[in-house]
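An overview of the molecular structure
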Amino acid sequence: MANLVYKRVSTDQQSTARQDLVLEEVGIEDPVVFEEDPATSSRLHPLQRPKFRELLSYARPGDTVHITEMFRLVRGTGHILDVLDVLHRDRLALHIHDGAFSAMDLTARHPRTASCCPP
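Residues numbered from 1 in each chain as written. Predicted model: local features only at pLDDT ≥ 70, side-chain atom pairs only at ≥ 80, totals over all residues. Heavy atoms only, no water.

1. Details of the confidence of the model for the protein chain
Applied cut-off: Per residue, pLDDT captures the predictor's confidence, and it can take any value from 0 to 100. Working rule for contacts: check all heavy atoms of both residues, and any pair within 4.5 Å makes them a contact.
Confidence in the prediction of the protein chain, expressed as mean pLDDT, is 85, and 86% of residues score 70 or more. A low-confidence stretch, residues 110-119 stays under pLDDT 50, and its non-local contacts, those more than four residues away or across chains, total 22 contacts.

Quick look at the structure:
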């Protein structure tokens, strides 16, 4: 099972240094990193971002998607539900390492149906 890391910044004036630090502290084993180009708009739906789409194409059931904070991936509730639908469908886990939602396993129970994800 692969550890897939998704990193993104909102502008080309920002860097992924903080994300790198958080992920380094966690010690993810053999990460496969997908990093958006800073020119990729944060206004794009997450499922439309090139590197996140590439991550989803690469992923296999049982893989884990790692992000530092939820807002690195999504900006609103609708986007969260859309992404969780895809992760659930593809049987991928989501691990958020810092900030809001970091203590929650959002893929353990599907929010729209309350059915548990298959192993």
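What follows continues from the structure just given.
2. Comments concerning the pattern of salt bridges
Our working definition: Each salt bridge in this description consists of a side-chain nitrogen of Lys or Arg and a carboxyl oxygen of Asp or Glu lying within 4 Å of one another. Per the convention used, a helix needs a DSSP run of H or I reaching at least four residues, while a strand needs a run of E reaching at least two, with both numbered from the N terminus. Only protein chains enter the area calculation, which uses a 1.4 Å probe; residues under 20% of their type maximum are buried, those over 50% are exposed, and those in between are partly exposed.
Counting across every chain of the model gives six salt bridges. Linking Arg 18 and Asp 98 is a salt bridge whose minimum nitrogen-to-oxygen distance equals 2.6 Å. Of the two residues, Arg 18 is situated in helix H1 (residues 17-26) and Asp 98 in the segment after strand E4 (93-96); the sequence distance between them amounts to 80 residues. What makes Arg 18 partly exposed here is its relative accessible area of 44%. For Asp 98, a relative accessible area of 25% corresponds to the partly exposed category. Two residues, Lys 51 and Glu 54, come together in a salt bridge whose shortest N-O distance is 3.2 Å. Here Lys 51 pairs with Glu 54, and both are found in helix H2 (residues 50-58), just three residues apart, close to one helical turn. A relative accessible area of 38% means that Glu 54 is categorised as partly exposed. Salt bridges sharing partners connect three or more residues here, namely Lys 7, Asp 20 and Glu 35.

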